Amino acid sequence: PDAMMRVVVAISLLCLFQATDAFNTKGRFAFASSTLPQPALRSPQTKSGTAALAMSKHASAGSTEQTRIDRKQFGKVAAFWILGSSAASPVFASESGLKCKAAIGGGQTCAGSKEIKFTKAYDTAGSTTKVTGDPKKMATYYSQIHAGLETLEELDEKWDGYIEAGDGDVVRRRLGTVGNKSPLHNIRKAFEGALKVAAKSPVLEPEELDALDEDFNAILQGIAEVDYNLYSTAFVGTDETASKLRADGKQSLKKALKLYRNFDAECAKVL
């Protein structure tokens, strides 16, 4: 039954591509690393600059070879997948030791990534979200907040390795804007809970609380900018533009990380 299902799905995909003229005149299917747009934590306030240029060139000719597969390649991957072979999930390695494996249906797992253990501040079941600990204690939120800091620090340290070992979605999964495994996924609610606790604590001065509130918004904005730049690389027509977007993303990461370190340190005072 599983093998039959694989055959049915593969044939359906091929028919869908043909019916929607997904193959261009050169017989190649251009695809984005993420099949559907993923919402960022907070969209950048403007779409000017390189990212906007990238989106405007979505339909331009001359897409890079990294974002294309031809019919023969697609057929080969589909055939291996039907047979259940691991060859349909190629492994991409980088000099940093990271090995990212593309999964059928999207997504990547990266061997060599730092394993970061944490407790989520909130659990979500269906439409219900509830805090996992005492909402009046900083410890309830700090585990996820500090794990988010460790995630950004590793991403900054191994940025080139993650880019080399995969694509934009590899980085976006670390940011928590794709998938839900990263401690940065839904980090906004952990920040909000921590700010409420900090506001009632005698440890921090009013000016320190004001700075935390500003950092809170700037950090989320910075993460959204990294996400937006990396997502945009899927739609550009040249390697030069894609490289510029990655460089912009890295700079946004460094700015967000600097603020995040301060936010983490201030929250730690209230523990």
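Only a predicted model underlies this, so the values are computations on that prediction, with no experimental measurement involved. (Residues numbered from 1 in each chain as written. Predicted model: local features only at pLDDT ≥ 70, side-chain atom pairs only at ≥ 80, totals over all residues. Heavy atoms only, no water.)

A. Summary view of the overall build of the protein. A tally of helices and strands in the protein yields nine helices and seven strands. Sequence-distant contacts in the protein: of pairs separated by 6 or more residues, those separated by 24 or more amount to 69%. (Helix = DSSP H or I, 4+ residues; strand = E, 2+ residues; numbered from the N terminus. Contact = heavy atoms within 4.5 Å.)

B. Examining the packing of helix H4 (residues 139-157) against helix H6 (residues 168-175) more closely. Where H4 meets H6, the axes come as close as 9 Å, and the angle between the chain directions of the two elements is 155°. Overall, the two elements H4 and H6 adopt an arrangement that is roughly antiparallel. Contacts between H4 and H6 pair Thr-151, Leu-152, Glu-154 and Leu-155 from the former with Val-171, Arg-174 and Leu-175 from the latter. (Axes fitted to C-alpha atoms, helices over the stretch in contact; angles between N-to-C directions. Parallel < 35°, antiparallel > 145°, perpendicular 65-115°, else oblique.)

C. Seen up close, the packing of helix H7 (residues 187-199) against helix H8 (residues 206-232). Two elements in contact, H7 and H8, have axes whose closest approach is 11 Å; the angle formed by their N-to-C orientations is 180°. In terms of their interaxial angle, H7 and H8 are classed as roughly antiparallel. Where H7 abuts H8, its residues Ile-187, Arg-188, Phe-191, Glu-192, Leu-195, Ala-198 and Ala-199 lie against Leu-209, Leu-212, Asp-213, Phe-216, Ile-219 and Leu-220.

D. Spatial organisation of unusual backbone geometry. Of note in this structure, Asn-186 is not a glycine but carries a positive phi near 60°. Position of Asn-186 relative to the elements: it lies in the loop between H6 and H7. The class for Asn-186 is partly exposed, based on a relative accessible area of 32%. (Buried < 20%, exposed > 50% of the residue type's maximum accessible area, 1.4 Å probe, protein only.)

E. Spatial organisation of the packing of aromatic side chains. Applying the stated criterion to the full structure yields five aromatic pairs. Pairing Phe-191 with Phe-216 gives two aromatic rings, centres 6.0 Å apart and planes at 70°, and the pair type is edge-to-face. One end of the pair, Phe-191, is in helix H7; the other, Phe-216, is in helix H8, and 25 residues separate them in sequence. The burial state of Phe-191 is the same as that of Phe-216; both residues are buried. Pairing Phe-191 with Tyr-260 gives two aromatic rings, centres 5.5 Å apart and planes at 65°, and the pair type is edge-to-face. A residue pair is termed long-range when its members are at least 10 positions apart, and Phe-191 in helix H7 and Tyr-260 in helix H9 (residues 239-269) qualify at 69 residues. (Phe/Tyr/Trp six-rings, centres within 6.5 Å; stacked < 30°, edge-to-face > 60°.)

F. Inspection of H7 at higher detail. Its 13 residues give H7 an end-to-end C-alpha distance of 18 Å, which sits within 8% of 18 Å, the value for a rise of 1.5 Å per residue. Listed in full, the buried residues belonging to H7 are Ile-187, Ala-190, Phe-191, Gly-193, Ala-194, Leu-195, Val-197 and Ala-198. Contacts from the buried residues of H7 go to strand E6 (122-125), H4, H8 and H9. (Expected span 1.5 Å × (residues − 1).)

G. Inspection of the side chain of Ser-113 at higher detail. The topology assignment puts Ser-113 in the loop between strand E5 (108-111) and E6. Non-local contacts of Ser-113, meaning those with residues more than four positions away in its chain, are made with Leu-98, Glu-154, Tyr-162 and Arg-174.

H. Region of interest: the pattern of salt bridges. All chains considered together, the criterion is met by 10 salt bridges. The partner of Lys-114 in a salt bridge is Glu-150, with the nearest N and O atoms 3.0 Å apart. One end of the pair, Lys-114, is in the loop between E5 and E6; the other, Glu-150, is in helix H4, with 36 residues separating them in the sequence. Each of Glu-154, Lys-158 and Arg-174 takes part in salt bridges that share partners, so that together they form one network. (Salt bridge = Lys/Arg side-chain N within 4 Å of Asp/Glu carboxyl O.)

I. Summary view of the nonpolar core. In terms of nonpolar packing, the biggest core is built from 40 residues, with Ile-145, Val-171, Phe-191, Tyr-260 and Phe-263 touching the most fellow members. Secondary structure elements with two or more residues in this core: H4, helix H5 (159-165), H6, H7, H8 and H9. Not counting chain neighbours up to four residues away, the residues in contact with Val-171 comprise Leu-155, Trp-159, Tyr-162, Ile-163, Val-226 and Leu-230. (Core = buried A, V, L, I, M, F, W, Y, C linked by side-chain atoms within 4.5 Å.)

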